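Overview (structure and organization)
Spelled out from the first residue to the last, the chains are:
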Amino acid sequence: MTAKPKVWVARPLFPDVLARLTEYFDVQAEAVERPRSPSELKERLAGVDAAIVGLTDKVDAATLAGNQRLRVVANLGVGFNNLDVDALTRAGVLASNTPEVLNESVADYAWALMLAAARRVGAAERWLRAGQWAGSQMRFDDWLGVDVHGRTLGILGMGRIGQAIARRAAGFDMKVVYHNRSRLAEPLERACGATLVSKPELLRLADHLVLVLPYTAANRHAIGAPELAQMKPSAVLVNIARGGIVDDAALAAALREGRLAAAGLDVFEGEPAVHPGLLALDNVVLSPHIASASEDTRRDMANIAADNVIAALGFGEAAGKPPTPLNPAVMDAWAARKA
Ligand code: 8YV
């Protein structure tokens, strides 16, 4: 009997998904979540045929150098700025991500952060838990937040997640404006009830601005001090995209100085570290990159990552047809080499 291919799972995962992988593979699954140094990652990848990795695992040419064995890297996320896809392609390694399944859950979460930041849910809960309600002289005009309904929602980056966020705005009777590299097709625009505007207009008009851009070098600090200065002081900023799209130091300064009302942030520059200036503020709602973390969605994401590995390595019903490859041409090269 030939040995089963080896698969390394870099993040603790649902046991039933690991069990599916175990049917075909010798699975080495990490029991705890932690960042790894480039040399440790290189070493872990050297001894396996496939890996399921997370956003903190940065796979590039240096990590792949000299690796003769690795064939598949499946990312647990739709965003894949942790993967150098060109380097993976050059190394003959198939890369995959988890698109689509998380769109609605991430859109829900953008709204959760928007509403929580606008209506000061985090600060109010901290105050209550600290026992400050009883015996306080709470005034009728305390705890005032910013309304969401009837206001203007701005969306920067209008892919599938941006569209799902926009569609929800109809229930809040909001006007929706967006900025994107290209204009949505007219039927999609209509379904979203959204109007394309320039980036300066978006910054000027938005009462609530949600960022849904992919991370690229060009998008680094897409919202920095100059952009924050163009926003309304009463505006709320929500980042569910990627750390680094916002200049967190500039954001902390704007929030501290009352140049922006509030923010809801799920992603941070240099996460899991969070800028101390943000941690010190009450008008920001912070969460640890969990926008996709609903029971169903995280399970779907894990299963898609597993499906990519199983199919790419030639097993299961979809053998040879991984569902969401990022560089499918790699498989043609494999086939050509075999022929
Ligand atoms: C994370 C995400 O993958 O899909 C993405 O791009 O950012 C998230 O779904 C997830 O939170 C794990 O870090």
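Residues numbered from 1 in each chain as written. Predicted model: local features only at pLDDT ≥ 70, side-chain atom pairs only at ≥ 80, totals over all residues. Heavy atoms only, no water.

1. Digging into the overall build of the chain
Broken down by element type, the chain carries 14 helices and 12 strands. Compactness check: the chain gives a C-alpha radius of gyration of 22 Å against a globular reference of 20 Å for 339 residues, within 12% of the reference. With the principal axes as the frame, the chain shows a C-alpha extent of 75 × 50 × 35 Å. Here the chain holds 339 residues, and 47% of them are scored as buried. At a minimum sequence separation of 6, the contacts of the chain that also span at least 24 residues come to 59%. A distance of 2 Å separates the average location of the 37 positive side-chain charges in the chain from that of its 38 negative side-chain charges. (Helix = DSSP H or I, 4+ residues; strand = E, 2+ residues; numbered from the N terminus. Rg over C-alpha atoms; globule rule 2.2 N^0.38 Å. Buried < 20%, exposed > 50% of the residue type's maximum accessible area, 1.4 Å probe, protein only. Contact = heavy atoms within 4.5 Å. Lys, Arg positive; Asp, Glu negative; His and termini not counted. Charge placed at Lys NZ, Arg CZ, Asp CG, Glu CD.)

2. Focus: the packing of aromatic side chains
Under the definition given, this model contains 5 aromatic pairs. Summarising the aromatic geometry, the rings of Tyr-24 and Phe-25 are spaced 5.9 Å apart at their centres and angled 55° between planes, so their arrangement reads as tilted. Ring plane angle 40° and centroid distance 5.5 Å describe the contact between Tyr-24 and Phe-315, whose orientation is recorded as tilted. In this pair, Tyr-24 is assigned in helix 1 (residues 15-24) and Phe-315 in the loop between helix 13 (295-312) and helix 14 (329-338), connecting sequence segments 291 residues apart. Accessibility expressed as a relative area gives 23% for Tyr-24, which makes it partly exposed. Pairwise contacts between aromatic rings join Tyr-24, Phe-25 and Phe-315 into one cluster. One residue, Arg-71, lies across the ring of Trp-334, its end atom 4.2 Å from the ring centre. (Phe/Tyr/Trp six-rings, centres within 6.5 Å; stacked < 30°, edge-to-face > 60°. Lys NZ or Arg CZ within 6 Å of the ring centre and 35° of its normal.)

3. Considerations on the pairing of strand 7 (residues 175-179)
Walk down a regular strand and you will see the side chains alternate between the two sheet faces. In this sheet, strand 7 lies alongside strand 6 (residues 152-156) in parallel orientation, the contact comprising 5 bridges. The residue of strand 7 that forms the bridge with Ile-155 is Tyr-178. Each parallel crossover has a hand, and for strand 7 linked through helix 8 (residues 186-192) to strand 8 (residues 194-196) it is right-handed. (Pairing = 2+ DSSP bridges. Right-handed = clockwise from strand over helix to strand, strands pointing away.)

4. Some words on the domain arrangement of the chain
Per the domain assignment, the segments making up the chain are domain 1 (6-101 + 295-338) and domain 2 (103-286). At the junction of the two partners, domain 1 supplies 7 residues and domain 2 supplies 5 residues. Between domain 1 and domain 2, roughly 620 Å² of surface is buried when both sides are summed, and carbon and sulfur atoms account for 40% of that area. Of all residues in domain 1, Asn-81, Glu-100 and Thr-297 bury the most surface against domain 2, accounting for 64% of the area lost on that side. (Domains from an automatic or database assignment. Buried area = accessible area lost by both parts, 1.4 Å probe.)

5. So, the layout of surface pockets
The computed volume of the second largest pocket comes to approximately 200 Å³. Forming the walls of the second largest pocket are 13 residues, and the residues nearest its centre are Gln-68, Leu-70, Ala-91, Gly-92 and Arg-337. Taken together, the residues of the lining of the second largest pocket sort by class into 5 nonpolar, 4 polar and 4 charged. (1 Å grid on protein atoms, 1.4 Å probe; cavity = no way out; pocket = protein on both sides within 12 Å on 5 of 7 lines; lining within 4 Å. Points joined across faces, edges and corners; volume = space filled by probe spheres on them. Nonpolar A, V, L, I, M, F, W, Y, C, P; charged D, E, K, R; others polar.)

6. Points about the sheet that holds strand 9 (residues 208-211)
For sheets, the rule is that strands pair by backbone hydrogen bonds, running either parallel or antiparallel. Pairing within the open sheet is parallel, and its 7 strands lie in the order 8-7-6-9-10-11-12. In this open sheet, the two edge strands, each paired with only one partner strand, are strand 8 and strand 12 (284-286). Pairwise comparison of adjacent strand axes, ignoring direction, gives a mean angle of 20° for this sheet. The sheet contact formed by strand 9 and strand 10 (residues 236-239) spans 4 bridges and is parallel. Each bridged residue has a counterpart across the sheet, and for Leu-211 the counterpart in strand 10 is Asn-239. Helix 11 (residues 248-256) contacts strand 10, strand 11 (262-265) and strand 12 of the sheet and is inclined by roughly 145° relative to strand 11. (Axes fitted to C-alpha atoms, helices over the stretch in contact; angles between N-to-C directions.)

7. Observations regarding the environment of Val-7
Among the secondary structure elements, Val-7 is positioned in strand 1 (residues 6-9). C-alpha of Val-7 to C-alpha of Gly-47: the two residues are 40 residues apart in sequence and 9.0 Å apart in space. Once you skip the residues sitting within four places of it in the chain, Val-7 turns out to touch Phe-25, Asp-26, Val-27, Gln-28, Val-48, Ala-50 and Val-309.

8. Description of the site of the ligand
Close to the ligand lie Arg-11, Leu-55, Leu-76, Gly-77, Val-78, Gly-79, Leu-102, Arg-242, His-289, Ser-292, Arg-298 and Met-301. Contacts to the ligand include Arg-11, whose side-chain N or O atom sits 3.0 Å from an oxygen atom. The protein chains hide 90% of the 330 Å² of surface that the ligand would expose on its own. (Near = heavy atom within 4 Å. Polar contact = N/O pair within 3.5 Å; in protein donor to acceptor, adjacent residues only side chain to side chain. Areas by Shrake-Rupley, 256 points an atom, 1.4 Å probe, with all protein chains shown as cover.)

9. Some words on the UniProt feature "domain: D-isomer specific 2-hydroxyacid dehydrogenase NAD-binding" (unreviewed entry) in the chain
Within this numbering scheme, the UniProt entry marks residues 112-291 as carrying the feature "domain: D-isomer specific 2-hydroxyacid dehydrogenase NAD-binding" (unreviewed entry). Between the C-alpha atoms that bound residues 112-291 there is a distance of 9 Å. The span itself is 32% helix and 16% strand. (UniProt positions renumbered as here; feature names shortened; annotations may be inferred.)

10. With respect to the nonpolar core
Within the largest apolar cluster, 36 residues are counted, with the highest numbers of intra-cluster contacts made by Trp-111, Leu-153, Ile-155, Met-158, Ile-165, Val-210 and Ile-240. Among the elements that make up this core, the one with the highest residue count is helix 5 (residues 103-118) (10 residues). In this structure, Leu-203, Ala-235, Val-246 and Leu-255 belong to the second largest nonpolar core, which totals 30 residues. (Core = buried A, V, L, I, M, F, W, Y, C linked by side-chain atoms within 4.5 Å.)

11. Section: unusual backbone geometry
Note on backbone geometry: most residues besides glycine have negative phi, and most peptide bonds are trans. Glu-271 connects to Pro-272 through a cis peptide bond whose omega is 15°. On the secondary structure map, Pro-272 appears in the loop between strand 11 and helix 12 (276-279). Phi angles above zero are rare outside glycine, and Trp-143 is one such case at about 60°. Counting through the fold element by element, Trp-143 comes out in the loop between helix 6 (121-129) and strand 6. We note that His-221 has phi near 55°; this positive angle belongs to a residue other than glycine. Classification of His-221 as partly exposed rests on a relative accessible area of 21%.

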